[in-house]
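# Descriptive analysis of the structure
For reference, the chains in residue letters:
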Amino acid sequence: MVNYAFVIAGSEATGGAGIQVDLKTFQHLNVYGIGAITCLVAFDPKDNWNHRFVPVDAQVIANQIEAATAAHDLDVVKIGMLGTPATIDTVATALEENKFKHVVLDPVLICKGQEPGAALDTDTALRAKVLPQATVVTPNNFEATTLSGLEKLETVEDLKEAARLIHEQGPQYVVVKGGMDFPGENAVDVLFDGSSYHVFSEPKIGEERVSGAGCTFAAVITAELAKGAEVVDAVATAKRVVTRAVQDAVASNAPFTSVWLAEDNN
Ligand code: PXL
């Protein structure tokens, strides 16, 4: 039997993040990947690798979703970078129309190099229209701070409180990722399902963020849900696979490393 997973996300042309990483992850986990592109990110190597961002026209995004969902019976979708309020409107409408069994939302507010201010209108639209439709949402430390309204996340209790406050906004499961900004030796994530908390903790690897870790984390959850896993098991698999993928990160001429899914990482 073939399992299918859909992703609606941005392209990041170096291959280190975005839909390229999502589709690689689906294939790695033996899931047939299908993707619709929301925006094109091309870092500028002549300008300190700053972001060059171009949104895809809303109608073109709707057309891609129409083609993908007409061709395949899809019940699991991952939402990655949307980037503009117009894109958020289009994707929110598509989610209402398609009634997916699972919507895994990686609430990408800004990516490295973008101005935090640019995220405010996107943040508001995402919170109002997409967050309540998510079955699983996977905010990183910055995104969880923004979405919860808490000042900072520095203890496991803070991660739990952020997860609870985000859960109140509609998603069924919230995974708050402490990440590199979380104090201490460990990369700690907290899953809240509306009644209980699960804490996942692994030693931090290196000092630098690795590109694609967040995308891979949500993509593993999506692929595992496509294969019929329970959410808590899908998150445990994601933690394990991403930890190893960060250990195996590959360098490039860009000033960051990117996750790599080795053949025996599963
Ligand atoms: O890692 C967040 C992210 C997601 N999607 C796209 C990106 C980035 C960060 O660069 O470019 C398309």
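Anything mentioned here points back to the structure above.
This structure is a prediction, so every number in the text was calculated from the model and none was measured.

With that settled, the discussion passes to the nonpolar core. If you look at the biggest cluster of nonpolar residues, it comprises 42 residues, and the most contacted ones within it are Phe6, Ile8, Ile79 and Val176. In terms of residue count, helix α3 (residues 85-98) provides more of this core than any other element does, 5 residues in total. Among the nonpolar cores identified, the runner-up in size contains 33 residues, and Ala5, Val175, Ala218 and Leu225 belong to it.

Bringing helix α4 (residues 120-130) into the picture now. Buried residues of α4: Thr122, Asp123, Ala125, Leu126 and Val130, and no others. Against the buried residues of α4 lie α3, β5 (102-105) and α5 (141-148).

In this model, the second largest pocket occupies a volume close to 250 Å³. Residue lining of the second largest pocket: 16 residues in total, with Gly15, Val21, Lys24, Val259 and Trp260 positioned closest to the centre. Broken down by element, the residue count for the lining of the second largest pocket peaks at 4 residues, all from helix α1 (residues 18-28).

Here we have 9 strands laid out as an open sheet, ordered β3-β2-β1-β4-β5-β6-β7-β8-β9, and mixed in their pairing. The outermost strands of the open sheet, each flanked by one partner alone, are β3 (53-55) and β9 (197-203). When strand β1 (residues 4-12) meets strand β4 (residues 76-79), the two strands line up parallel, connected through 3 bridges. Across the sheet, residue Ile8 finds its bridge partner in β4, namely Ile79. Against the sheet, helix α8 (residues 231-247) makes contact with β5, β6 (136-137), β7 (173-177), β8 (186-192) and β9, and its axis sits at roughly 10 degrees relative to β9, the strand it touches most.

This part covers the pattern of salt bridges. This structure, assessed with the given rule, holds 13 salt bridges. Across the salt bridge formed by Arg164 and Glu168, the nearest N and O atoms sit 3.1 Å from each other. A relative accessible area of 57% means that Glu168 is categorised as exposed. Between Lys227 and Glu224 there is a salt bridge, with its nearest N and O atoms 3.2 Å apart. You can call Lys227 partly exposed: its relative accessible area is 36%. Residue Glu224 is classed as buried on the basis of its relative accessible area, which comes to 13%. Each of Asp44, Lys46 and Arg52 takes part in salt bridges that share partners, so that together they form one network.

Further remarks concern the packing of helix α7 (residues 213-226) against α8. The N-to-C vectors of α7 and α8 enclose an angle of 140 degrees; their axes lie 8 Å apart at closest approach. The angle between α7 and α8 places the two elements in the oblique class. Viewed along their axes, α7 and α8 form a crossing whose handedness is right-handed. The segment α7 lies against α8, with Ala213, Thr216, Phe217, Val220, Ile221, Glu224 and Leu225 engaging Val231, Ala234, Val235, Thr237, Ala238, Lys239, Val241, Val242 and Val246. Classifying every residue of the contact of α7 with α8 gives 12 nonpolar, 2 polar and 2 charged.

Glancing now at unusual backbone geometry. For Trp49, which is not glycine, the phi dihedral falls at a positive 60 degrees. Mapped onto the elements, Trp49 comes out in the loop between β2 (32-41) and β3.

Here we come to the environment of Leu82. Among the secondary structure elements, Leu82 is positioned in the loop between β4 and α3. Its relative accessible area of 2% is what places Leu82 among the buried residues. Put simply, Leu82 and Gly10 are 72 residues apart on the chain and 6.8 Å apart in space, counted from C-alpha to C-alpha. In contact with Leu82, not counting residues within four places along its chain, are Ile8, Thr38, Cys39, Thr87, Ile88, Val91, Leu126 and Val130.

Next up on the list: the packing of aromatic side chains. Each aromatic ring pair is characterised by the separation of its centres together with the angle its planes make. All told, the structure shown has 4 aromatic pairs when counted by the stated rule. A centroid spacing of 5.6 Å and a plane angle of 75 degrees characterise the contact between Phe43 and Phe256, whose relative ring orientation is edge-to-face. Taken together, the positions of Phe43 in the loop between β2 and β3 and Phe256 in the segment after α8 put the pair 213 residues apart, joining distant regions of the chain. Summarising the burial analysis for this pair, Phe43 and Phe256 share the class buried.

Parameters at a glance
- Residues numbered from 1 in each chain as written.
- Predicted model: local features only at pLDDT ≥ 70, side-chain atom pairs only at ≥ 80, totals over all residues.
- Heavy atoms only, no water.
- Core = buried A, V, L, I, M, F, W, Y, C linked by side-chain atoms within 4.5 Å.
- Buried < 20%, exposed > 50% of the residue type's maximum accessible area, 1.4 Å probe, protein only.
- Helix = DSSP H or I, 4+ residues; strand = E, 2+ residues; numbered from the N terminus.
- Contact = heavy atoms within 4.5 Å.
- 1 Å grid on protein atoms, 1.4 Å probe; cavity = no way out; pocket = protein on both sides within 12 Å on 5 of 7 lines; lining within 4 Å.
- Points joined across faces, edges and corners; volume = space filled by probe spheres on them.
- Pairing = 2+ DSSP bridges.
- Axes fitted to C-alpha atoms, helices over the stretch in contact; angles between N-to-C directions.
- Salt bridge = Lys/Arg side-chain N within 4 Å of Asp/Glu carboxyl O.
- Parallel < 35°, antiparallel > 145°, perpendicular 65-115°, else oblique.
- Left-handed = near helix turned anticlockwise from the far one by under 90°.
- Nonpolar A, V, L, I, M, F, W, Y, C, P; charged D, E, K, R; others polar.
- Phe/Tyr/Trp six-rings, centres within 6.5 Å; stacked < 30°, edge-to-face > 60°.

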